[in-house]
Amino acid sequence: MKFNTKTIHGGQQHDPAYGSVMPPIYQTSTYAQSTPGGHKGFEYSRSGNPTRSALENSLASIENGNYGLAFGSGLAAIDAVIKLLEPGDEVVSTNDLYGGTYRLFSSIFKKFGIKFHFIGMENASNIENYINDKTKLIWVETPTNPMMNVIDIKATSEIAKKHQVLLAVDNTFATPYLQQPLDLGADIVMHSATKYLGGHSDLVMGALIVKDKDLADRLYFIQNASGAVCGPQDSFLALRGIKTLHIRMQRHCENGKAVAHFLANHPKIENVYWPGFETHPNHDIAKAQMKDFGGMVSFTTKGNNYEEAIKIVENLKVFTLAESLGGVESLAGHPASMTHASIPKEEREKTGVVDSLIRLSVGIEDEEDLIADLKQAIG
Ligand code: P1T
C-alpha cells in the first residue's frame, strides 16, 4: 500500500459489529468480563481502548512501523521514551528543540540522574564526540523547532548502531508524508500529534512508533504503568485528521514555499529559515531525506528589534498569534517569549532564537491572502 492509501486505510478495518466505516468512539473506562480474565481483548481503558487501538494501528502504518502507541500529549510520549533509561545514563540531544522538550529533559529528568548533552547536530559527526559508555539514547528533532535545522537521520542512525544506542526522532515538523525516520534507521519515531497529524488544532496528543517488538513491549509497559494515555474522543479526531494528512501537507508545502520566498525578498527581513532554500546549510540532506520542505518558516527582521517583532505578530490578521502549529489555519509565534521561553536567554540565543525571531506555521488558506497579510503586518 502506498502512503496516500495508508493514511485512509492503513491498519484499519470496518467495525465488526455493524460495519461502521469509522471506528466507534468507545467512550468507556472498563469492559465486562464473563469470568476473571474472560474478556474480548480489552479490560480497562488505560491499558487499551478499541478507538485508541484503531489510531495506534494507523500510526504504525503511516510511519512504516509495526507498533504505535498514543499518549495524552507529545510531552507524555517523550516522557515515556526517557523512562526507558536508568539513573546515570546519558542522552545526546539536538540543541535546537521545542522548549517544552528542553524543559522536560533539563528540569525533570536531570533530577533523576540522567545527563543530557545538548549539541549542534547539523554535522552528524559531532555526535560521536559526546558518546561514551553511559550513552543510551540519541534524541533528534528534524527539522528543528524553531530554527529549521536539518539533521541527517541516516548518518545519525549509523552512529547509533555503531555504539549500540537508541535513536529517537521527533518527526512532528516533517510528518511521515515528508520523511519516514524508521526507514532511515531510527528506532523510535515520536510525534506531537497535536500538530499536523491531528491537523485541526482541536486536540492535544502524542505518539510513538517502533518496529522492534521488544522495544514496543517496554514502551507499552511504561504507557500502561505511567498512564498518560489519550481518550477515545481524541483518538477518533486524530484518526480522522490523519485521513487527509497527505493533501493537507501538499498545500502546507506549497504555501510554505511561497511565504519563504516572499520573506526572503522583503527589504525589512534579515534571515529566513526554511530548508527549501539552496542556501540552507543542510539543503542537500533535506532534499535527500524529505519529499518536500514543509510548512514551517522562521525569520528575523533587520536590526533584531524585539518591539518591531512584537508589532508584526500583533498586526497579523489572517495568521493568528498563538502557540502550536500544524493546523489548517496559519499561526504565528514569537519563540523567545512563547514556545521557547523556558530555555535560558543565553542558551536560546546560541542556537539563533533571538528577540526578533518570528515562527510561522503556514496553513492551507489561499497563498495570496497569506502574503497580503504578511505584507501589511511587516509594512
Ligand atoms: O504540546 P505537546 O503535544 O505536548 O507536544 C510537545 C512538542 C514536541 N515536539 C515538538 C517538535 C513540538 O513542537 C511540540 C509542541 N510544540 C508547540 C506547542 C509549539 O508551539 O512549538
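Residues numbered from 1 in each chain as written. Predicted model: local features only at pLDDT ≥ 70, side-chain atom pairs only at ≥ 80, totals over all residues. Heavy atoms only, no water.

Draft legend 1. Inspection of the packing of aromatic side chains at higher detail. A complete count under the given rule lists nine aromatic pairs for this structure. Aromatic pair F105 and F116: ring centres 4.5 Å apart, planes at 10°, arrangement stacked. Of the two residues, F105 is situated in helix 4 (residues 99–108) and F116 in strand 3 (residues 115–119); the sequence distance between them amounts to 11 residues. With respect to burial, F105 and F116 carry one shared label: buried. (Phe/Tyr/Trp six-rings, centres within 6.5 Å; stacked < 30°, edge-to-face > 60°. Helix = DSSP H or I, 4+ residues; strand = E, 2+ residues; numbered from the N terminus. Buried < 20%, exposed > 50% of the residue type's maximum accessible area, 1.4 Å probe, protein only.)

Draft legend 2. Structural detail: the pairing of strand 4 (residues 135–141). In terms of burial, strand 4 is a largely internal element, six of the seven residues being buried. Bridge count for strand 2 (residues 90–94) against strand 4 is four bridges, and the pairing is parallel. Residue pairing in the sheet places V91 in a bridge with L137 of strand 4. In this structure, strand 4 lies alongside strand 5 (residues 166–170), joined through five bridges in parallel fashion. (Pairing = 2+ DSSP bridges.)

Draft legend 3. Looking closely at the sheet that holds strand 5. The mixed open sheet is built from seven strands, whose spatial order is 1-7-6-5-4-2-3. Each edge of the sheet is formed by a strand with only one pairing partner; in this case those strands are strand 1 (67–71) and strand 3. The mean inter-strand angle of the sheet, taken between neighbouring strand axes irrespective of direction, is 20°. Note: strand 5 against strand 6 (residues 188–192), three bridges, orientation parallel. Counted as the bridge partner of D170 is M190 from strand 6. The strands touched by helix 2 (residues 50–62) are strand 1 and strand 7 (206–210); relative to strand 1, the strand with the most contacts, the crossing angle is about 125°. Of the strands in this sheet, strand 1, strand 5, strand 6 and strand 7 are in contact with helix 7 (residues 213–226), which crosses strand 1 at around 20°. (Axes fitted to C-alpha atoms, helices over the stretch in contact; angles between N-to-C directions. Contact = heavy atoms within 4.5 Å.)

So, to be careful, I would describe these as geometric facts and stop short of saying anything about function.
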